Amino acid sequence: MDGRQRKNIQPGMLVEIVLKKDQRTGELTEGFVKRILTKSPNHPHGIKVMLDDGQVGRVKNIIEES
């Protein structure tokens with residue numbers, strides 16, 4: 001699913017984000033969404049979220065749990 005649309009992201013979802021420090025390398029960090037920080041319905045670089053462990057970044061991938 002598209003991590004640039006706020007409607008696709010819910011707290012508790014498993015996602016991959018890019019942290020601010022990793023924007024140049026594009027390294028992804030996996031975790032569960034605790035809070036959605038972006039207020040607008042979409043963002044070209046991904047919706048900003050806070051993970052359960054407190055890390056903040058922009059959603060690149062939403063991982064479908066089977």
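Criteria and cut-off values
Residues numbered from 1 in each chain as written. Predicted model: local features only at pLDDT ≥ 70, side-chain atom pairs only at ≥ 80, totals over all residues. Heavy atoms only, no water. Pairing = 2+ DSSP bridges. Helix = DSSP H or I, 4+ residues; strand = E, 2+ residues; numbered from the N terminus. Axes fitted to C-alpha atoms, helices over the stretch in contact; angles between N-to-C directions. Core = buried A, V, L, I, M, F, W, Y, C linked by side-chain atoms within 4.5 Å. Buried < 20%, exposed > 50% of the residue type's maximum accessible area, 1.4 Å probe, protein only. Contact = heavy atoms within 4.5 Å. Salt bridge = Lys/Arg side-chain N within 4 Å of Asp/Glu carboxyl O. Polar contact = N/O pair within 3.5 Å; in protein donor to acceptor, adjacent residues only side chain to side chain.

> Quick one: what's the story with the sheet that holds strand E2 (residues 28–36), residue by residue and with numbers?
Here we have four strands rolled up into a closed barrel, ordered E1-E2-E3-E4, and antiparallel in their pairing. Ignoring strand direction, the axes of neighbouring strands in this sheet form an average angle of 70 degrees. Here strand E1 (residues 14–19) pairs with strand E4 (residues 56–62) via five bridges, running antiparallel. Pairing of Glu 16 across the sheet is with Asn 61, part of E4.

> Explain the nonpolar core residue by residue, including any values.
Counting residues in hydrophobic clusters, the biggest one holds 11 residues: Ile 9, Val 15, Ile 17, Leu 19, Val 33, Ile 36, Ile 47, Val 49, Leu 51, Val 59 and Ile 62. Mapped by element, the contributors of at least two residues to this core are E1, E2, strand E3 (48–51) and E4. Among the elements that line this core, the one with the most residues is E1, at three residues. Contact partners of Leu 19, with chain neighbours within four places excluded, come to Thr 29, Gln 55, Val 56 and Gly 57.

> Explain the pattern of salt bridges residue by residue, including any values.
Counted under the stated rule, the structure contains two salt bridges. The residue Asp 22 makes a salt bridge to Lys 21 at a minimum N-O spacing of 3.5 Å.

> Residue-level account of the side chain of Thr 38, with values.
Within the fold, Thr 38 resides in the loop between E2 and E3. In this structure the side chain of Thr 38 is engaged in a polar contact, spanning 2.7 Å, whose partner is the backbone nitrogen of Lys 48. If sequence neighbours within four positions are ignored, Thr 38 has contacts with Arg 6, Ile 47, Lys 48 and Arg 58.

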